[in-house]
Amino acid sequence: MTVSGFAPGSYRYSCDFGSGGDTSYAVSITSDPQTFDNGATCYDAIPGDTVWVTINGIASNTITVAGTSTTSLPNPAQTWNETTGGVTHTWTNYTNAGGSEGPQIAAYQTVRVTCRVQGFMVADGDTWWYKIASSPWGNAYFASADAFYNNGQTSGSLHGTPFYDPNVPVC
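For the structure given in this document, a descriptive report is provided here. (Residues numbered from 1 in each chain as written. Predicted model: local features only at pLDDT ≥ 70, side-chain atom pairs only at ≥ 80, totals over all residues. Heavy atoms only, no water.)

On to the packing of aromatic side chains, then. Counted according to the given criterion, the structure contains 4 aromatic pairs. With a centroid separation of 4.9 Å and an interplanar angle of 50 degrees, the aromatic rings of W128 and Y164 are classed as tilted. With W128 in strand β12 (residues 128-132) and Y164 in the segment after β13 (142-144), the pair connects residues that are 36 residues apart, well separated along the chain. Ring centres of Y130 and F148 lie 5.3 Å apart, and the angle between their planes is 70 degrees; this geometry places the pair in the edge-to-face category. Of this pair, Y130 sits in strand β12 while F148 sits in the segment after β13, placing them 18 residues apart in sequence. With a relative accessible area of 0%, F148 lands in the buried category. (Phe/Tyr/Trp six-rings, centres within 6.5 Å; stacked < 30°, edge-to-face > 60°. Helix = DSSP H or I, 4+ residues; strand = E, 2+ residues; numbered from the N terminus. Buried < 20%, exposed > 50% of the residue type's maximum accessible area, 1.4 Å probe, protein only.)

I105, V111, V113, Y130, I132, W137 and F148 are the most contacted members of the largest nonpolar core, which has 14 residues in total. Every element with two or more residues in this core is listed here: β11 (110-118) and β12. Looking at this core element by element, the count peaks at 3 residues for β12. Counting residues in hydrophobic clusters, the runner-up holds 12 residues, among them F6, Y11, F17 and V53. (Core = buried A, V, L, I, M, F, W, Y, C linked by side-chain atoms within 4.5 Å.)

Below, the structure is given as structure tokens:
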């Protein structure tokens, strides 16, 4: 990222996403202009989403992520049943577990999923997310695949279950 027009000093910058889930980071600016990569630059893998940076109330140019939005893809003819092991949150932005929060999936509820995609890493290291086809989610929301049994079970502990069901195709 390259910044210009800022006096040397410490600043906070935010990565702002059209889908929500904004994040902020600290940066030290020592020269004008300055290019840096502190390992916490803005990354957005949602095709069609927008992203921009704001420092001290000054917004950068806005970019649009290339590709077609995954939430507007046609639904494939086949979906797969997956059952949660507890109450599960859903989100429009799987890359940062953010955006708009959707309806929760109840504990031990079976829903139809369209496909799986890699995104935000949850506490145990799982990065797989399911696109939820069932109503009321309608392929507009994602849930961490880690919250599902992924092995045909519909009750019991999630401990030791797979990160995702390999039968569910990649989006």
